[in-house]
Amino acid sequence: MSEEREPIRVGVLGARGRMGVEVCKAVDAVDDLELVAMIDQGDWLFNASDAGAEVVVDFTNPDVVMDHLHWCIDQGINCVVGTSGFTEQRLERVRSWLQHKPEVGVVVAPNFGVGAVLMMEFAARAARYFESVEIIEQHHPAKVDAPSGTATHTARVVAEARAAAGLAAMPDATKDEVPGARGADLDGVRVHSVRAAGLVAHQEILFGTVGETLTIRHDSYDRASFMPGVLLAIRQVIQRPGLTVGLAPLLDR
Ligand SMILES: NC(=O)C1=CN([C@@H]2O[C@H](COP(=O)(O)OP(=O)(O)OC[C@H]3O[C@@H](n4cnc5c(N)ncnc54)[C@H](OP(=O)(O)O)[C@@H]3O)[C@@H](O)[C@H]2O)C=CC1
Ligand SMILES: O=C(O)C1=N[C@H](C(=O)O)C[C@H](O)C1
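What you see is a predicted model, and the numbers here were worked out from it, not measured in a lab.

Calculation rules
- Residues numbered from 1 in each chain as written.
- Chains lettered and ligands numbered in written order.
- Predicted model: local features only at pLDDT ≥ 70, side-chain atom pairs only at ≥ 80, totals over all residues.
- Heavy atoms only, no water.
- Helix = DSSP H or I, 4+ residues; strand = E, 2+ residues; numbered from the N terminus.
- Rg over C-alpha atoms; globule rule 2.2 N^0.38 Å.
- Buried < 20%, exposed > 50% of the residue type's maximum accessible area, 1.4 Å probe, protein only.
- Contact = heavy atoms within 4.5 Å.
- Areas by Shrake-Rupley, 256 points an atom, 1.4 Å probe, with all protein chains shown as cover.
- Pairing = 2+ DSSP bridges.
- Near = heavy atom within 4 Å.
- Polar contact = N/O pair within 3.5 Å; in protein donor to acceptor, adjacent residues only side chain to side chain.
- Nonpolar A, V, L, I, M, F, W, Y, C, P; charged D, E, K, R; others polar.
- Domains from an automatic or database assignment.
- Phe/Tyr/Trp six-rings, centres within 6.5 Å; stacked < 30°, edge-to-face > 60°.
- Buried area = accessible area lost by both parts, 1.4 Å probe.
- Salt bridge = Lys/Arg side-chain N within 4 Å of Asp/Glu carboxyl O.

Draft legend 1. Structural context of the overall build of the protein. Counting secondary structure elements, the protein contains seven helices and eleven strands. Rg of the C-alpha trace for the protein: 19 Å, near the compact-globule value of 18 Å for 253 residues, within the 12% margin. The principal-axis extent of the C-alpha atoms belonging to the protein is close to 60 × 40 × 30 Å. Counting the 253 residues in the protein, one finds 47% classified as buried. Nonlocal contacts in the protein, meaning residues at least 24 apart in sequence, comprise 72% of its contacts between residues at least 6 apart. On the protein, roughly 13,000 Å² of surface is accessible, and the fraction owed to carbon and sulfur atoms is 51%.

As structure tokens, this is what we get:
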């Protein structure tokens, strides 16, 4: 007979933010997790360790998230991170901190929506068959970073798939451009960021080749869409030492 463990003790950083509020509600609503610390701007990080948090969830902002992660890893606390801004250099720094704490698990996911994870997988699969690809991401106007973390990650996986397939640079005759009109160039993929009231989080990947286009689109209409992925990561991170990037490795387990 398997023994039931005590609920996993969870602290939330950015607890008064749009995502933090949803995460606190979602953790509170399930029996196998216990919300032990709600920390926001101006609060003491040690509230998390004093409360015995085993997992800290971070939805704050790209300027502060690295300090939070470093502190949690030093304290031996597992981390689930949704905050955007994770470049390859940042991920490498997290790996180097984890070398000194090999028992600690960290999950950094650009998007916790299952549909968004599938969108990125489908885009990587489609990338090799189309000579052109552009990304259009659309978010609420309170978002502080552009392009989004999801678009940045999508551009990276699409660019990797194109390179692996040996595709040439995309056709584009633009010579005369108002700065920004062709979007940002991320790994050779153009990314267009829209900010408008009424939106939550949306993304389209437009592929084109001779005589046809393919559009892959995902819409988060409500932040509740991210919660199953966040809860999954909290439950798994305590048995998953080291750095896991993205939600995909945690699905179907
Ligand atoms: N991976 C995913 O699935 C998702 C990721 N995100 C990402 O999550 C992040 C948060 O998004 P969102 O909730 O909309 O943003 P919000 O601005 O609503 O929330 C961030 C919260 O963190 C607080 N905060 C700022 N600095 C600190 C600090 N040093 N310690 C503790 N709390 C702090 C902010 O306080 P104050 O307002 O006073 O600065 C605010 O309450 C963004 O990077 C966003 O891109 C969002 C949705 C899904
Ligand atoms: O700020 C947001 O809202 C979101 N941020 C993440 C990102 O930057 O990709 C995830 C999702 O798009 C919502």
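Draft legend 2. Examining the pairing of strand β10 (residues 212-220) more closely. For strand β9 (residues 201-209) and β10, the ladder comprises nine bridges, and the chain directions are antiparallel. Its bridge partner lying in β10, T209 is registered against E212. Linking β9 to β10, which pair antiparallel, is a turn of two residues; within it G211 sits at a positive phi near 75°.

Draft legend 3. Representation of the site of ligand 2 in the model. What surrounds ligand 2 is the set S84, P110, N111, H139, H140, K143, S148, G149, T150, A201 and F226. Within the side chain of H140, an N or O atom sits 2.9 Å from an oxygen atom of ligand 2. Considered on its own, ligand 2 offers 320 Å² of accessible surface; in the complex 83% of this is hidden by protein. By residue class, the composition of the shell around ligand 2 is three nonpolar, seven polar and one charged. Counting only domains with at least three residues in the shell around ligand 2, you end up with domain 1 (8-112 + 224-250) and domain 2 (114-221).

Draft legend 4. Quick peek at the packing of aromatic side chains. A full pass over the atoms with the stated rule returns four aromatic pairs. One aromatic cluster is present, built from ring pairs that chain together W44, F46 and W71.

Draft legend 5. Broad picture of the pairing of strand β8 (residues 189-195). The pairing of strand β6 (residues 132-139) with β8 spans six bridges and is parallel. What sits directly across from I136, in β8, is H192. For strand β7 (residues 184-186) and β8, the ladder comprises three bridges, and the chain directions are antiparallel. Looking across to β8, one finds that L186 is bridged to V189. Hairpin connection of β7 to β8: two residues between the antiparallel strands, including D187 at a positive phi of 55°.

Draft legend 6. Main features of the domain arrangement of the protein. For the protein, the assigned domains read domain 1 (8-112 + 224-250) and domain 2 (114-221). Taken residue by residue, the interface counts 14 residues in domain 1 and 15 residues in domain 2. Around 1,100 Å² of area is buried between domain 1 and domain 2 when both sides are counted, 59% of it from carbon and sulfur atoms. Interface area lost by domain 1 to domain 2 is led by R18, P110 and N111, which between them contribute 39%. If you look at where domain 1 meets domain 2, you find zero salt bridges. Residue composition of the side of domain 1 that touches domain 2, grouped by class: eight nonpolar, four polar and two charged.

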